[in-house]
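Geometric and topological summary
Given next are the chains, with one letter for each unit.
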Amino acid sequence: MDVKETVLSILSDLTGNDVSGAMDDNLFDSGLLDSMGSVQLLLQLQSQLGVNVPVSEFERSEWDTPNKIIAKVESLA
Amino acid sequence: MLSFEPYGNPTYFALLGVAMIPLMIGLLYGKRSRLYETLISIFFLVLTFGGPKWTQGIALIIYILYEVALTWGYAVYRKQKNSGPVFYLLVILAILPLTIVKVTPAVENGQASLIGFLGISYLTFRAVQTMMETRDGTLKNYQVMTFLQFMLFFPTISSGPIDRYRRFEHDYRTVPSREKYLGMIQKGIRYIFVGFLYKFLLAYYFGTILMPKLQVMAMHSRGGFMDLSWPVLGYMYAYSADLFFDFAGYSLFAVGTSYLMGIETPMNFKQPWRSPNIKDFWNRWHITLSFWFRDFIYMRLVFWFMKHRIFKSPRTTANVTYIINMLVMGFWHGVTWYYITYGLFHGVALVVNDAWLRYKKKHRASVPHNGFTQIFAIFLTANLVCFSFLIFSGFLNTLWFTK
């Protein structure tokens, strides 16, 4: 599985929604993600993709849509 | 000798205006004079911490040297090694002075600690944040001079907003383009004038005129169920309005002045009374503090709990951490029953709020959502918040426990 698919499957597990149809929607504004969800996302990225993101790297405005998250992960992988 | 509360009176603003002119001309011509900025910083710090308050000034100097030693020492150490215990020890040492200042009145019959000064908590938040980001490796080029400017940036020293080292450093090292800076001047001046309206008109009316009257009336109406009466309710709203306009007004002064200096200090309030729920309220009220707690306590604790699988379900992890997070915030305000109850109240409110949001998501079809429910949600949230501020005000302590 590539990065995009993995991120999308993590997101759909976490939010209970399929987000692949709304790649530029703000996940925090819609209430799908919150601080708790963010931490779970970071932990999943670590265990599934081996991408290590410290909490202080998590600037919300850079991680608030599926597209941004994928771009961020690809830049770090 | 002159001595002022920051943004406390017209003379302070007059001096501020004069001091800003050379700096603003410099920025308009693309120049930032470190020397001049340092001089006016020292001037305003002396105005705040000098004269009759010189003991606070001494406490501030010693405190700053202490925090520089810790953060600098840790930055040097972190380049070589990364041990957990060393990090925790240094964070505890960094928080120690604040802890002493907060605990002293509770154990010494209300007496203030000698090492305290106006703004010690806000400086501690900045120092601890610097250390945590050094540990994470996201802050790599710690510099003593930048750290000093960050800590002692006079517009925000006494009560925030709480900026972040890397964000501040970025602004401080650059000069905004003339076009951008003109926009910042416009915004900055508007903020300062809205601040006048908030602090000197509205907060004055609610806090200085209305609140004392309601307080007297409430004390006279004691005797009913839990000494409650209509004036207590009036006091709750007047206090909440005063708290908001006073602090939002101050924050607008601090942000406005920062903008004039070419630094985009983050905003502290974003229409908090429009929040449809408590969780959203904390994204809009005293934002730099609640985000500090979110990023450096809540998220880190959750991360640690999840990684070490302390609790079975993520839901329990989130709930326990909400309570811890808000309790810490309660204790930070001071060691009194009403601050701690206030923290607990908001912790529980967040837990209930999350449960409701989950329920609503699951039963989307059966939970109505329309203009009326939206207004009801805003009304309910605002009233819950005002009630929590009544606890926070300490007035219940006066109402119940004074003769």
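Remember, it's a predicted structure, so these values are computed and weren't measured experimentally.

Along the backbone of chain B there are 15 helices and 0 strands. For a compact globule of 403 residues, the expected C-alpha radius of gyration is about 22 Å, and chain B comes in at 23 Å, within 12% of that figure. The dimensions of chain B, computed from C-alpha atoms along their principal axes, are 60 × 55 × 50 Å. Relative to its 403 residues, chain B shows a buried fraction of 35%. Within chain B, contacts between residues at least 6 apart in sequence are counted, and of these 70% link residues at least 24 apart.

This part takes up the interface of chain B and chain A. On the chain A side, the residues contacting the 17 residues of chain B number 11 residues. Of all the elements in the fold, those that place two or more residues in the side of chain B that touches chain A are α5 (120-136), α11 (287-307) and α12 (314-333) of chain B. Sort the elements by how many residues they give to the side of chain B that touches chain A and α11(B) lands first, with 9 residues.

Glancing now at the nonpolar core. Judged by nonpolar contacts, the single largest core of 98 residues is most densely connected at B:Tyr235, B:Phe245, B:Leu252 and B:Val302. The biggest single contributor to this core is helix α9 (residues 230-260) of chain B, with 16 residues.

Once that is clear, we can look at the UniProt feature "transmembrane region" (unreviewed entry) in chain B. Residue and element names in this part refer to chain B. UniProt records the feature "transmembrane region" (unreviewed entry) for residues 12-30, 86-104, 110-129, 141-162, 189-211, 232-261, 316-333 and 371-396 in the present numbering. Segment residues 86-104 splits into 100% helix and 0% strand. End C-alpha atoms: 27 Å apart. A helix fraction of 41% and a strand fraction of 0% characterise residues 141-162, whose end C-alpha atoms lie 20 Å from each other.

Here, the residues flagged by UniProt with the feature "modified residue: O-(pantetheine 4'-phosphoryl)serine" (unreviewed entry) are A:Ser35. What makes A:Ser35 buried here is the crowd of 22 C-beta atoms within 10 Å. Setting aside chain neighbours within four positions, we find A:Ser35 in contact with B:Arg294, B:Tyr298 and B:Met299.

This next bit is on the environment of B:Thr321. Residue and element names in this part refer to chain B. Take Thr321: it is sitting in helix α12. Through-space distance from the C-alpha of Thr321 to that of Arg274 is 26 Å; in sequence the pair is 47 residues apart. For Thr321, the contacting residues outside a window of four places in its chain are Tyr298, Leu301, Val302 and Phe305.

Excluding glycine, residues mostly carry a negative phi; peptide bonds, for their part, are mostly trans. All names here are of chain B. Cis peptide bonds are those with omega within 30 degrees of zero, and the linkage from Gly160 to Pro161 qualifies with 0 degrees. With respect to the helices, strands and loops of the structure, Pro161 is situated in the loop between α6 (144-152) and α7 (165-173). With phi around 55 degrees, Tyr7 is a residue other than glycine that occupies positive phi space. Along the chain, the position of Tyr7 falls in the segment before α1 (10-28). Phi at Gln271 takes a positive value of approximately 45 degrees, unusual for a residue other than glycine. Its location among the elements puts Gln271 in the loop between α9 and α10 (278-281). We classify Gln271 as exposed; it has 8 C-beta atoms within 10 Å.

The rules behind the values
- Counting from 1, residues in each chain are numbered in the order their sequence is written.
- Chains and ligands are labelled by the order in which they are written, letters from A for the one and numbers from 1 for the other.
- Where totals are concerned, whole chains, interfaces and linings use all residues; where local detail is concerned, this predicted model gives features only for residues with pLDDT of at least 70, and gives and counts side-chain atom pairs only at 80 or more.
- Think of it this way: any DSSP run of H or I at least four residues long counts as a helix, any run of E at least two long counts as a strand, and we number them from the N terminus.
- Each radius of gyration reported is based on C-alpha atoms, and the globular scaling rule is 2.2 Å times the count of residues to the power 0.38.
- Exposure is read from a count of other C-beta atoms within 10 Å of each residue's own; the residue is exposed at 12 or fewer, buried at 20 or more and partly exposed in between. C-beta atoms are placed from the backbone.
- What counts as a contact here is a pair of residues whose C-beta atoms, placed from the backbone, lie within 7 Å.
- Buried Ala, Val, Leu, Ile, Met, Phe, Trp, Tyr and Cys residues whose C-beta atoms connect them within 7 Å together make up a nonpolar core.
- UniProt positions are given in the numbering used here, feature names are shortened, and annotations may be inferred rather than shown by experiment.

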